[in-house]
Each structure stands twice: as structure tokens, then as C-alpha cells.
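Summary of structural features
Now for the letters of each chain:
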Amino acid sequence: MKFIALTIFPELFASFREHGIIRRAIQRNLISLEAVNIRDFASGKHRVTDDRPYGGGCGMVMKPEPLAAALRAARGMAPSATAVLLSPQGRKFNQAMARELKSVQSMVLLCGRYEGIDDRILHDHVDLEVSIGDYVLTGGELPAMIVIEAITRLIPGALGGESSADNESFSNGVLDCGHFTRPPEFEGQSPPGVLLSGDHRKIEQWRLESSLIRTVLKRKDLLETRALSREEIEILKNWHNDIEKIIRAQSSSGPDSPSGTE
Ligand code: 4G3
């Protein structure tokens, strides 16, 4: 996969490329990453890339000509590339979109600054507008790196060692289970005994249950749209029954119940 970032701050991508999974993926020829300076495509002595907005108001807008020229140059390097604009107005990025985008051959990531880019660039030059979340940043560079990283780590061979993207949060629509490592006791807390039991069937069962319950507690919304397996429904029913038993045992003797009813 070929990534080309268009930015007025290409240096922001320097350390991103030189560390961790992105560096390894480049070394292994799984991806390439080029940061192209939009300013190189601006004309005039001062190579200006921004201008005051028509209609007045504060802030600056990125001029269309340097953007169009930079996009044309990028398309020369990768003719079939998908052009992505990072902006707060974009489609909300998530794991499913990362999986979708993994299959494109090359991607041009247009990183705007200031109040954004001249809107005319959107219509003819941008294939997809993406937002990494509902907040405003000073530039699209960090969002671009997030999109690149989320996609890259899905490419087989990009993750180091034995780790894989197959059994982590969102990969199957629920949150990841809890994780523990040595020491066996830390600040008075011990890992669930089953994880030290060596019983791999029980460990798998615990992980499934941990994932599901954590999702119920932290991200109920994920379960509203996802089909549950028989096993998952069984787990939830068991919790439901346990909770019901606790409630039934309490209801006639709790601190709020009328006196003389027990
Ligand atoms: C407006 C992306 C702002 C238009 C970019 C670029 C947040 C996100 C910008 C534009 C950004 C996001 C730069 N801020 N939520 N700022 O993904 O094209």
C-alpha cells in the first residue's frame, strides 16, 4: 500500500516513519509513505499556500491552486490513488473503514491547515472525506497518521512477533478482554485465577466472557447493532440470572423495604 501525504509540514511525518510498526512495514515493503510539501507547488516568491476567506471573517483558507497541483503530482506517482481529505466534516473513521481502505492500492491524504481548504478542491479532486472524531485540530496531519497506522497494522506481517490484529478490540465487534502479566500480585490485586490454571479451554471461555461483559459495561452501543452468537447469549443469560437472584434475595429485606415484611 502506497501512502502519499500532502502537507505544509512534511517534517511532522519524520518520526512517525522512523519508529515502530510504520518503520517495520516500510522496511518489509508492505507500505511506502511519502510526505509531499504543498508549498513546493505554490507559486510566487513567497510560495503562499493560504489566503483570506471570501466574504470576510477570521482565519485563513488554503488556496486551491497549490492543492490541485500537489494532488496532480501525487496522482502522477500513484494514478489509481484514492484521495482522502482529513476534516471534521468527514465520515467518522472506525475499524470497519480501516478494513475497507486496506484494499485500496494507494492513498493520497490531503492534510488541511487553518480553517480548511477552498471548497472547490473537494468536488473535483477528493474521493473521500474522513474525520477521526468530533473535535477540531489545527491540521489534518495527526488524523492522517492515525488513518495510516490503523490501516497498516491490519496488513499481514506489519505487526511484530506473534501479535495479530485478529483478536483485539473491535476486530469482532466487541471490546478486547482484560490482560495481565507478572507479577502475580500487584498493589494488592491478583489476576483472575483461571488465567494461571493452564486450562486453555477455561481460559478461552473467560476471555470471551471478559470481552462481552466489558462491552456491556463500557460500550453498550457496540452490541445494539451486532448479532450475538449462541455462546454469547448464554453468557449474558447467566449474568442476567445471577443478577436476578441477587435482586430477589434483597427485595424483601433491603433497607428500603417496609418493616415487618420479612
Ligand atoms: C477544517 C481533521 C479543518 C477543514 C482536520 C481541515 C479535525 C479533523 C482542518 C479541513 C482538522 C478530524 C484541519 N481537525 N476530526 N483540522 O478528523 O479540511
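An account of the accompanying structure is given in this report. These numbers were taken from a predicted model, which means no experiment stands behind them. (Residues numbered from 1 in each chain as written. Predicted model: local features only at pLDDT ≥ 70, side-chain atom pairs only at ≥ 80, totals over all residues. Heavy atoms only, no water.)

Moving on to the overall build of the chain. Broken down by element type, the chain carries nine helices and seven strands. The C-alpha atoms of the chain give a radius of gyration of 25 Å, which is well past the 18 Å a tight globule of 262 residues would have. With respect to the principal axes defined by its C-alpha atoms, the chain has extents near 90 × 50 × 35 Å. Counting only residues that meet the buried cut, the chain has 36% of its 262 residues in that class. Taking as baseline every contact in the chain between residues at least 6 positions apart, the subset at least 24 positions apart corresponds to 73%. In the chain, which carries 32 positive and 35 negative side-chain charges, the distance between the mean positions of the two groups comes to 4 Å. (Helix = DSSP H or I, 4+ residues; strand = E, 2+ residues; numbered from the N terminus. Rg over C-alpha atoms; globule rule 2.2 N^0.38 Å. Buried < 20%, exposed > 50% of the residue type's maximum accessible area, 1.4 Å probe, protein only. Contact = heavy atoms within 4.5 Å. Lys, Arg positive; Asp, Glu negative; His and termini not counted. Charge placed at Lys NZ, Arg CZ, Asp CG, Glu CD.)

Here five strands make up an open sheet; going across it, the order is β2-β1-β6-β5-β7 and the pairing parallel. Looking along the sheet, the strands with just one partner apiece sit at the ends: β2 (32-37) and β7 (128-131). The average angle at which neighbouring strand axes cross in this sheet is 30 degrees, direction not considered. Relative to strand β6 (residues 106-111), strand β1 (residues 2-7) runs parallel, the two being bridged by five bridges. (Pairing = 2+ DSSP bridges. Axes fitted to C-alpha atoms, helices over the stretch in contact; angles between N-to-C directions.)

Turning our attention to the site of the ligand. Around the ligand, 16 residues are found, and the nearest of them are Ser131, Ile132, Gly133, Tyr135 and Leu137. Here an oxygen atom of the ligand sits 2.8 Å away from a polar atom, N or O, in the main chain of Ile132. About the coverage of the ligand: the protein hides 96% of its 420 Å² of free accessible area. Among the elements that make up the shell around the ligand, the one with the highest residue count is strand β5 (residues 82-92) (four residues). Classifying every residue of the shell around the ligand gives eight nonpolar, seven polar and one charged. (Near = heavy atom within 4 Å. Polar contact = N/O pair within 3.5 Å; in protein donor to acceptor, adjacent residues only side chain to side chain. Areas by Shrake-Rupley, 256 points an atom, 1.4 Å probe, with all protein chains shown as cover. Nonpolar A, V, L, I, M, F, W, Y, C, P; charged D, E, K, R; others polar.)

This next bit is on the environment of Ala25. Looking at the element boundaries, Ala25 is found in helix α2 (residues 20-27). For the pair formed by Ala25 and Leu159, sequence separation is 134 residues and the distance between their alpha carbons is 8.1 Å.

In this section: the side chain of Ser131. In this structure, Ser131 sits in strand β7. Residue Ser131 is classed as buried on the basis of its relative accessible area, which comes to 3%. Within the structure, Ser131 has its side chain in polar contact with the backbone oxygen of Gly133 (distance 3.0 Å). Beyond its immediate stretch of four places on either side in the chain, Ser131 contacts Ser87, Pro88, Gly90, Arg91, Lys92 and Phe93.

Between its first and last C-alpha atoms helix α6 (residues 141-152) spans 16 Å; for twelve residues at 1.5 Å apiece the expected length is 16 Å, and the two agree. Looking only at α6, the buried set comprises Glu141, Pro143, Ala144, Met145, Val147, Ile148, Ala150, Ile151 and Thr152. (Expected span 1.5 Å × (residues − 1).)

Turning to the pattern of salt bridges, a few remarks are in order. The tally for this structure, following the rule as stated, stands at 13 salt bridges. The shortest N-O distance in the salt bridge between Asp199 and Lys202 comes to 3.9 Å. Each of Glu149, Arg153 and Glu168 takes part in a single network of salt bridges with overlapping partners. (Salt bridge = Lys/Arg side-chain N within 4 Å of Asp/Glu carboxyl O.)

A cluster of nonpolar side chains, contributed by Tyr135, Leu137 and Leu142, occupies part of the molecular surface with about 300 Å² of accessible area. In this structure, Leu137 sits in the loop between β7 and α6. (Patch = residues over 30% accessible without salt bridge, like charges linked within 9 Å, V, L, I, M, F, W, Y side chains within 5 Å.)

For Thr7, the location among the structural elements is in strand β1. Among the residues examined, Thr7 registers a relative accessible area of 0% and is labelled buried. Separated by 105 residues in sequence, Thr7 and Gly112 have C-alpha atoms that sit 7.1 Å apart. Beyond its immediate sequence surroundings of up to four residues, Thr7 is in contact with Phe13, Ala35, Val36, Asn37, Ile38, Cys111 and Glu141. In this structure the side chain of Thr7 is engaged in a polar contact, spanning 2.6 Å, whose partner is the side chain of Glu141.

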